[in-house]
Amino acid sequence: MASSGAVKNPKKANLVDHYSIKHLLDESVTEVVKSRGYAEDVRLSNVRLLIGSIIIAIALLAQFYPKKFPENRDFLITCIGLYVVFNGLLQCISYTKEKNAFLFTYPPSGSFNSTGLILSSKLPRFSDMYTLTIASADPKSISANKPVVLTKSVTKWFTKDGLLAEGLFWKDVEKLMNDYNGDRKNK
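Residues numbered from 1 in each chain as written. Predicted model: local features only at pLDDT ≥ 70, side-chain atom pairs only at ≥ 80, totals over all residues. Heavy atoms only, no water.

K.L.:
How would you explain helix H2 (residues 18-35) if you had to name every residue and give the values?
P.N.:
In this model, H2 (18 residues) spans 26 Å end to end at C-alpha, consistent with the 26 Å of a helix rising 1.5 Å per residue. Residues His 18, Ile 21, Lys 22, Leu 24, Leu 25, Asp 26, Ser 28, Val 29, Thr 30, Val 32 and Val 33 constitute the buried set of H2. Put simply, Asp 17 is the residue that caps the front of H2, since its side-chain oxygen is 3.2 Å from the backbone nitrogen of Tyr 19. Positive phi shows up at Gly 37, right after H2, with a value of about 100°. (Helix = DSSP H or I, 4+ residues; strand = E, 2+ residues; numbered from the N terminus. Expected span 1.5 Å × (residues − 1). Buried < 20%, exposed > 50% of the residue type's maximum accessible area, 1.4 Å probe, protein only. Polar contact = N/O pair within 3.5 Å; in protein donor to acceptor, adjacent residues only side chain to side chain.)

See below:
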């Protein structure tokens, strides 16, 4: 089924743009993980959207407050302070919770001995080495596994025309998923 989709609509990346390559690989990893029964956890994204909406509301309120400048000085100072606080909170969430993560998941449905996953990746500039990490969403849980890492050259998965060899990439990601889930069986 996945291979027939790859034949009909091959995925292509601009090989000169490492952001394009990383984005395409991250999307493909997301497809693999979702096909294994993991549902995406969007709670953190929703919190970030809520904080961003609050920041926009504060900026709009400060801009369109009915009084002119000398009269609304204290109100503007308050708005600027709130704007800085909420932006700092947004940056703190990105720095401490998200890091390089591109996917958070819930545990697979019907699973009682597993946690959700955090998938993160790196593709440094001027490098062809893609690093994919699968870790537990709750590392302190008794059912959490040790993180597993795959580091491989992107040249193994792309043709010279920029087409992704999905079958090869899916095999590597599925092997990494099996390695992660295999730790549970060894405990």
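K.L.:
I'd like a rundown of the sheet that holds strand E3 (residues 129-136), residues and numbers included.
P.N.:
Judged by pairing direction, the sheet is antiparallel, and its four strands sit side by side in the order E1-E2-E3-E4 without closing on themselves. Only two strands of the sheet have a single partner each, and these edge strands are strand E1 (101-104) and strand E4 (148-153). Averaged over all adjacent pairs, the angle separating strand axes in this sheet is 15°, with direction ignored. Inspection of the sheet shows strand E2 (residues 117-122) paired to E3 by six bridges, in the antiparallel sense. Within the sheet, the bridge partner assigned to Ser 120 lies in E3 and is Thr 133. Sheet contacts for H2: E1, E2 and E3; angle to E2, the most-contacted strand, approximately 160°. (Pairing = 2+ DSSP bridges. Axes fitted to C-alpha atoms, helices over the stretch in contact; angles between N-to-C directions. Contact = heavy atoms within 4.5 Å.)

K.L.:
Which residues make up the nonpolar core, and what values go with them?
P.N.:
Across soluble globular proteins, nonpolar side chains show a tendency to be buried alongside one another. Leu 25, Tyr 130, Trp 157 and Phe 158 are the most contacted members of the largest nonpolar core, which totals 27 residues. Counting only elements with at least two residues in this core, the list comes to H2, E2, E3, E4 and helix H5 (166-186). (Core = buried A, V, L, I, M, F, W, Y, C linked by side-chain atoms within 4.5 Å.)

K.L.:
Describe the packing of aromatic side chains, and please don't skip the residues or the numbers.
P.N.:
Scanning the model with the defined rule gives three aromatic pairs in all. Look at Tyr 130 and Trp 157: their rings are 6.0 Å apart centre to centre, the planes differ by 85°, and that puts the pair in the edge-to-face class. With Tyr 130 in strand E3 and Trp 157 in the loop between E4 and H5, this residue pair connects regions lying 27 residues apart in the sequence. Between Trp 157 and Phe 169, the ring centres sit 4.8 Å apart and the planes meet at 75°, which makes this aromatic pair edge-to-face. Residue Trp 157 is found in the loop between E4 and H5, and its partner Phe 169 is found in helix H5; the two are separated by twelve residues along the sequence. Phe 169 sits in the buried class, given a relative accessible area of 0%. Following the ring pairs from residue to residue traces out a cluster consisting of Tyr 130, Trp 157 and Phe 169. (Phe/Tyr/Trp six-rings, centres within 6.5 Å; stacked < 30°, edge-to-face > 60°.)

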